[in-house]
Amino acid sequence: MKDFVKLQDITKIYKMGEIEIRAADNISFSIDKGEFVVIVGPSGAGKTTVLNILGWIRLQAERFS
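Residues numbered from 1 in each chain as written. Predicted model: local features only at pLDDT ≥ 70, side-chain atom pairs only at ≥ 80, totals over all residues. Heavy atoms only, no water.

### What about the confidence of the model for the protein chain?
Under the convention used in this document: pLDDT runs from 0 to 100 and stands for how confident the predictor is about each residue. Starting at the N terminus, helices and strands are each numbered in turn, a helix being any DSSP run of H or I of at least four residues and a strand any DSSP run of E of at least two.
The pLDDT averaged across the protein chain works out to 88; a share of 97% of its residues lies at or above 70. The lowest-confidence element of the protein chain is helix α1 (residues 47-63), averaging 83 in pLDDT; the highest-confidence one is strand β2 (residues 19-32), averaging 92.

### Things to note about the packing of aromatic side chains
Inclusion rule: Centres within 6.5 Å are what make two rings of Phe, Tyr or Trp a pair, Trp counting through its six-membered ring; a difference in plane orientation under 30 degrees is then read as stacked, over 60 as edge-to-face, and the rest as tilted. Criterion for a charge above a ring: Lys NZ or Arg CZ within 6 Å of the ring centre, and within 35 degrees of the ring normal.
Across all of its chains, the model carries zero aromatic pairs by this definition. For the cation-ring pair, Lys-12 lies above Tyr-14, with the distance from its terminal atom to the ring centre recorded as 4.8 Å.

### Side note on α1
For clarity, the cut-off: Working rule for helices: expected span equals 1.5 Å times residues minus one. Partly exposed residues are those whose accessible area sits between 20% and 50% of the maximum for their type, while under 20% is buried and over 50% is exposed, using a 1.4 Å probe and protein chains only. Relevant arc is that of directions from the helix axis to the C-beta atoms, nothing else.
Between its first and last C-alpha atoms α1 spans 25 Å; for 17 residues at 1.5 Å apiece the expected length is 24 Å, and the two agree. Along α1, the residues that are buried comprise Thr-49, Val-50 and Ile-53. The buried residues of α1 occupy an angular sector of 100° when projected down its axis, which confines them to one face. Facing away from the buried side of α1, by more than 90 degrees, are the exposed residues Thr-48, Arg-58 and Arg-63.

### Focus on the pairing of strand β1 (residues 3-16)
Note the cut-off: In this analysis, strands are considered paired if DSSP registers two or more bridges between them.
In this sheet, β2 lies alongside β1 in antiparallel orientation, the contact comprising 10 bridges. Opposite Ile-13, over in β2, you have Arg-22 as the bridge partner. Two successive antiparallel strands, β1 and β2, enclose a turn made up of two residues, where Gly-17 displays a positive phi of approximately 70°.

### Description of unusual backbone geometry
One non-glycine residue, Asp-9, adopts positive backbone phi at about 55°. Considering the arrangement of structural elements, one finds Asp-9 in strand β1. Positive phi is not limited to glycine here, since Asn-26 has a value of about 60°. Inspection of the secondary structure puts Asn-26 in strand β2.

Given below as structure tokens:
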């Protein structure tokens, strides 16, 4: 099946002064159309960051379609 969503080698770094916090570090995954997905992990693992990235991609797709 063709990928409905695909993230490849995504990294998100937050900077606090000279300190860098890697909220997502080299994340890759794909989701097929119709597939149900659960994102799990410990506190601070970057789950919300990944969801925010997916939300931004959706908004950009709607903006330019």
